[in-house]
Protein chains: 2
Amino acid sequence: MTAGGWSDAAEVLGADLHLELTGAGSRRAVLIRALREAVRSGRLEPGTRLPPYRSLAADLGLARNTVADAYAELVAEGWLTSRQGSGTRVAHGAVAPEPGAGAGIGAGSAWAGVGAGSAWAGVGAGAARAGVPGGLPEAVPYDLVQGKPDPAAFPRAAWLAAARRALTAAPHEAFGIGDPRGRVELRHALAGYLARVRGVRTSPDRIVVCSGAAHALRLLARTVPGPWAVESYGLPFHRGLLAEAGVLTRPVAVDEGGVDVGRLPGGVGAVLLTPAHQFPTGGPLLPDRRASVLDWARETGGLVVEDDYDGEFRYDRRPVGVLQGLAPDRTVLIGSVSKSLSPALRIGWMVLPAPLVDEVVAAKGEREPYSSATEQLTLADFLVSGAYDRHVRRMRRHHRGRRDRLVAVLAERVPRVRVTGVAAGLHAVVELPAGTERAAVGAAARHGVAVEGLGDYRHPEAGGAARADGLVVGYATPPERLYGAALDALCAALREALDA
Amino acid sequence: MTAGGWSDAAEVLGADLHLELTGAGSRRAVLIRALREAVRSGRLEPGTRLPPYRSLAADLGLARNTVADAYAELVAEGWLTSRQGSGTRVAHGAVAPEPGAGAGIGAGSAWAGVGAGSAWAGVGAGAARAGVPGGLPEAVPYDLVQGKPDPAAFPRAAWLAAARRALTAAPHEAFGIGDPRGRVELRHALAGYLARVRGVRTSPDRIVVCSGAAHALRLLARTVPGPWAVESYGLPFHRGLLAEAGVLTRPVAVDEGGVDVGRLPGGVGAVLLTPAHQFPTGGPLLPDRRASVLDWARETGGLVVEDDYDGEFRYDRRPVGVLQGLAPDRTVLIGSVSKSLSPALRIGWMVLPAPLVDEVVAAKGEREPYSSATEQLTLADFLVSGAYDRHVRRMRRHHRGRRDRLVAVLAERVPRVRVTGVAAGLHAVVELPAGTERAAVGAAARHGVAVEGLGDYRHPEAGGAARADGLVVGYATPPERLYGAALDALCAALREALDA
C-alpha cells in the first residue's frame, strides 16, 4: 500500500497502482477512465513512470493488449508519454491538476490484484472460443486451450543470432521484391530438414512458403475444388475457412486407427488428414489405413492434404513419417513453425506436387510474398545452423515433462478419467464418463481454466455415434510458474463435475 | 581465363566459371545441365567452392533466383553441398568422374559473361511486366521500371540493432497468437509518426497492420462494395486485384491538377486516390480539388481510399499533408514501408474510420495476423528510436540526387523531351512527342533498359483524349554503379526513337 510511490515522480510504480475499475463500458474503456482519473486527480504526478503494461495486466487480471491499448490511447490523448527505454510516464504539463485534488485515496476504492479482476472471471469455454484473438477470455487465469506453445519458451537469443548472421550474409536482392514462392534459401533449408526429420521427398522448387497453415489452406481451397473430405474430428477454424472459400467439407469417421478410407465419400477432390497425430483425438493413422488413403488418391486422382501440425513432437516411440514421402505427386504437406517456434513468426509452407506449384503461386499473388524475407532468411539460418533442431529437442523434453505431470496428477487425483492421445503433440484428450463433457467444461471455467471439449471439434454433419466425452487439454501454453496451479484447478473442476 | 582455378579445390571460383549454356529448356534447366556436366566431367573437382550465386548470376546475365534455384536443385540431387559460412561446394564422393574426363575445355564453348547472356536480351517492356516476379526480364541489365527502391540501400545494421532492442524488450506474449490488428507497439508508433510526418489524425486502435498496400486493397475490397472510382492513370496491378475481388473500377479523368471531382461517376462507394503525388503522372491534388473530394465523401457517404505510397519523398517544397487528416471519418489511408525501407519486409497499414475496423479485421482473419510480430516490433523500435527518420532523410537526399542527374542528363542530351512529376517520389515522367511512346519503349528494350510507357497505366475504359505520350522512369532501383550507364542507354534509346 505504497501511496507514497505515486508522489515520488522518480520512482517506478510497482504492482501497487491503485485504480478504480468501475462503471460502464469495455474493460479497456473502464481502465482508460480510471487511469485518466488518476492523472487528473493528481494521484499520478507528471513524470511518474507507470508499471510495464504486462505487470499491470497481470495484477488486474486483464489481457496485456487491453492495458497496452489503454496506455497507447492515453499517449495519443496526451495524458501519458512513451519513450523507448524510458517506459510510459505521466505527461508533463498536459494536464493541470484540479484544485484540491491530492494524493488521497478515495473511499470505497480497491487495490488492483488478481482478486480485483474476479468480476470478469467465470467466463465459459464457449466464450473462450468466440472471444478475443488468442482464444482466451481476458480474466481466465489458466489457459489449457490446445494449439499454442508457451510464448516464454521462444529462443530469443538464438533467433537474434540467426537474424544477425542471415542479414549480414544476405545478397542485396533479398531486399527487393521477392519470389512469391519464398526465399530460395528457406525452401532449400526446408527441403533438407523435412527430408531428414519427416521423410518428405521434394525439391526446393516444389515448396511454397506462406503465412501459416491457415493461409496454406486458403490458397489450396482456391486451387483444389471441393468438396473435400475431412476427419470427423478436427479444427472448426479449418472447416470454417474452407467453407468461406467455397469448399464444402464432408466428414469421414475417425476411429482409434484414424480415418477409414472405405468410408470416404464419393466425388471428393481432396481429403484433409492429420496422419501423424490425429487432431484432436491423438492417434496415428495406422499403416494399412495409410496405404488405403494413398490407393484412393492414385485411383481417383484425388489429393491428400496432410496437415503435419506437430510432427516433430513425438515422445515415446519413433516418429511417424509423413504420407507425403510415399506419394509426393498426390500429396500436399502443410507445416509451419507455429507450434515448434511461435505463431508470431507467420511462416508456414506447402510441399506440393509439381503441377500445383504455379496455381498455388497464382492464388497467393505474384506480387505479395506475404512472409518477410528477413524472417525467412533468419529461419533458413536457424534450420541450417542446427539451432532449430536444438530448440525442438529442448521443447520436446519440456513438453514431455508437462505431459507426464498431467498424466500423473490425473491418475492420482481423478483416477476415473483416462488420458489418451499422449504419444505426441502439445495436447492430450482426457476421456470422461458419457454425458459429463459440458459439465466438465463449465466446472473448469468456474475454476478459472479455459479448456475445450472433444465435442467442440466434431464436424456438425458427422454421422453415427460420437466418440467418448472428453476434454482436449493443451498442456504447452501456461507459463511454467502457473502450470501446477492450472493442473490443480483442472483436477478440482473434474472432481466437481464427475461428482455432480 | 583461369581454368586452373577449377583444379585447385581449395580455391574459391571467381568470375571465371566456364559453362556451356546451350540446348533446350528453361534457363534454369540449361544452367543445371551445364553445372552437372561440369561436375561429371571432373572440370569442377570435389570440394571446389562455387562462386556466390549472385556473382554467377551477374556474370551470366541471369536472375539471381535462377542461379540460386539451380544450386539448390543440385544440392538436393547430391551434386553440390551447401553449408552456412562455407558456401556451395562440389560434393565429395557423390559423383565419380567419368574415365577420360579432365580439365580440358571443349571446343565451341563460351566464357560466361554479360555477353553470353545476350541471347536472352532485348526482351521488351511488355515481357517485363508479364515476366518474372519483380518485373524485370532476366537479361535486361538496366531496370528503370518504377516502384522499387535500390535493394542495396536497405539499412541492415540499423535494422539489426532495432531487432535486437525490440526482441530483448518484448513481453513474452509477443510470441503468442497475435492481435490481428497488429502489435500495439507498432500501431502506437505509427499513429505518432504518421501524425507528425503526414498530418494523419488517428489513434492506435484505428490502425490495422497488413502485409502491404496490395493486401490492404484486397481487404478493403471485401469490406467496401464496388464500384469504386479510380484515377484514369494508375497501377494496373491495383485495378486487377480489385477486379479479382469483385470490385469494378470506373475511371475518373486525371488532369494537371489531379482528379476533378465534378467528373466522379454516380453510384460509386469509394474513390481510390494518390493525392500527394498522383501515380504515375506526378502532380499533387490541388487544394480546391481536395476540398471537393471531401465534400463528395461527406455528401454521398462515400469513402476516400488514399494511397500514400511515397508521401515521405518530397524534394522541392513542403510535404503535402494527407487528405485523411481533413476527414478521418471518411478516409482510409494506406501506407507501407515498401518504398521507404524495402518491399521484402511485408509491412503495410491502414488507418481506418472507426466503424470499419472490425469489418477489416474480420476480412483479414482473426487468427492470421500475417505480418510477423518480431518484424512489427522491430519496425516499432525503428520508428520510435528515430532510425526511420534518419533513413528516410538519407534516402531523400539519395533519390533527389538521382532525380537531378536524370533531369540534367536528359536536358543536355535529349532536350526535345520534358521531364515532369519530379517534385516527389521515386519516378519521373518523361513526356514525349505524340505517337513516339511505343517506339521509345521498344528502343529502350533494345538498349537494355526496362521501362514502361505512360499508356501502360491508363485505365482501359478511360474516355477522352489520352495524356501526352511518355515514359515512366523509376530512378531508384538500379545499383549506384549502374545508374550512369542506365541513363546513357536511356538517352541513346530516346534519341534513336525520336529520330526515327
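Residues numbered from 1 in each chain as written. Chains lettered and ligands numbered in written order. Predicted model: local features only at pLDDT ≥ 70, side-chain atom pairs only at ≥ 80, totals over all residues. Heavy atoms only, no water.

A. Representation of the pattern of salt bridges within the structure. Applying the stated criterion to the full structure yields 52 salt bridges over all chains. Note that R196 of chain A and D389 of chain A form a salt bridge whose closest N and O atoms lie 2.9 Å from each other. Taken together, the positions of R196 of chain A in helix 7 (residues 184-198) and D389 of chain A in helix 13 (residues 387-413) put the pair 193 residues apart, joining distant regions of the chain. On the basis of relative accessible area, R196 of chain A is assigned to the exposed category, the value being 53%. Between R418 of chain B and E431 of chain B there is a salt bridge, with its nearest N and O atoms 2.9 Å apart. Of this pair, R418 of chain B sits in strand 13 (residues 418-420) while E431 of chain B sits in strand 14 (residues 427-431), placing them 13 residues apart in sequence. Relative accessible area serves as the criterion here: at 14%, E431 of chain B is assigned to the buried category. (Salt bridge = Lys/Arg side-chain N within 4 Å of Asp/Glu carboxyl O. Helix = DSSP H or I, 4+ residues; strand = E, 2+ residues; numbered from the N terminus. Buried < 20%, exposed > 50% of the residue type's maximum accessible area, 1.4 Å probe, protein only.)

B. View of the sheet that holds strand 10 (residues 303-307) of chain B. All names here are of chain B. Across the sheet, which stays open at both edges, the seven strands sit in the order 4-12-11-10-9-5-6 with mixed pairing between neighbours. Each of the sheet's edge strands pairs with one partner strand only, and the pair in question is strand 4 (207-210) and strand 6 (249-252). In this sheet, neighbouring strand axes are inclined to one another by 20° on average, regardless of whether the strands run parallel or antiparallel. Looking at chain direction, strand 9 (residues 270-273) and strand 10 are connected through four bridges and run parallel. (Pairing = 2+ DSSP bridges. Axes fitted to C-alpha atoms, helices over the stretch in contact; angles between N-to-C directions.)

C. Main features of the interface of chain A and chain B. Between chain A and chain B, the residue contacts involve 72 residues of the former and 72 residues of the latter. Of the roughly 6300 Å² buried at the junction of chain A and chain B (both faces included), carbon and sulfur atoms supply 58%. At the surface where chain A touches chain B, the tally comes to eight salt bridges. Measuring nitrogen to oxygen at the nearest pair gives 2.9 Å for the salt bridge that ties D69 of chain A to R181 of chain B. Here chain A is connected to chain B by 20 residue pairs in polar contact (both at pLDDT 80 or more). If you list the elements that add at least two residues to the side of chain A that touches chain B, you get helix 3 (53-60), helix 4 (64-77), helix 6 (156-169), helix 7, helix 8 (213-221), helix 9 (236-244) and helix 12 (373-384) of chain A. Split into classes, the residues belonging to the side of chain A that touches chain B amount to 31 nonpolar, 17 polar and 24 charged. (Contact = heavy atoms within 4.5 Å. Buried area = accessible area lost by both parts, 1.4 Å probe. Polar contact = N/O pair within 3.5 Å; in protein donor to acceptor, adjacent residues only side chain to side chain. Nonpolar A, V, L, I, M, F, W, Y, C, P; charged D, E, K, R; others polar.)

D. Local environment of the relation of the copies chain A and chain B. The transformation that overlays chain A on chain B combines an axial shift of 0.0 Å with a rotation of 180°, and the residual RMSD is 0.1 Å. Put plainly, the chains are arranged around a two-fold axis. The residues that chain A uses at the interface reappear at the interface of chain B in 100% of cases, marking a shared surface. (Least-squares fit on C-alpha atoms with pLDDT ≥ 70 in both.)

E. Here's a closer look at the packing of helix 14 (residues 437-446) of chain B against helix 15 (residues 480-499) of chain B. Residue and element names in this part refer to chain B. With their axes 8 Å apart at the nearest point, helix 14 and helix 15 run at an angle of 135° to one another. When the interaxial angle is binned, helix 14 and helix 15 end up oblique. Between helix 14 and helix 15 lies a crossing of right-handed hand. Judged by residue contacts, A439, A440, A443, A444 and R446 of helix 14 engage A493, L494, E496 and A497 from helix 15. When grouped by side-chain class, the residues that make up the contact of helix 14 with helix 15 number seven nonpolar, no polar and two charged. (Parallel < 35°, antiparallel > 145°, perpendicular 65-115°, else oblique. Left-handed = near helix turned anticlockwise from the far one by under 90°.)

F. Geometry of the sheet that holds strand 5 (residues 228-231) of chain A. Residues and elements named next belong to chain A. Here seven strands make up an open sheet; going across it, the order is 4-12-11-10-9-5-6 and the pairing mixed. The open sheet has two edge strands with one neighbour each: strand 4 (207-210) and strand 6 (249-252). Between one strand and the next, the sheet's axes are offset by a mean angle of 20°, whatever the strand orientation. The pairing of strand 10 (residues 303-307) with strand 11 (residues 331-336) spans four bridges and is parallel. Considered in strand 11, the bridge of D307 is made with I334. Running over the sheet, helix 10 (residues 287-300) touches strand 9 (270-273), strand 10 and strand 11 and is turned about 140° from strand 10. Across the sheet, helix 11 (residues 354-364) is in contact with strand 4, strand 10, strand 11 and strand 12 (348-351); its angle to strand 4 comes to roughly 20°.

G. Here's a closer look at unusual backbone geometry. Residues and elements named next belong to chain A. Cis geometry is found at the peptide bond from F279 to P280, where omega equals 0°. Position of P280 among the secondary structure elements: in the loop between strand 9 and helix 10. Unusually for a residue other than glycine, R346 sits at a positive phi of about 55°. Of note, R346 is situated in the loop between strand 11 and strand 12.

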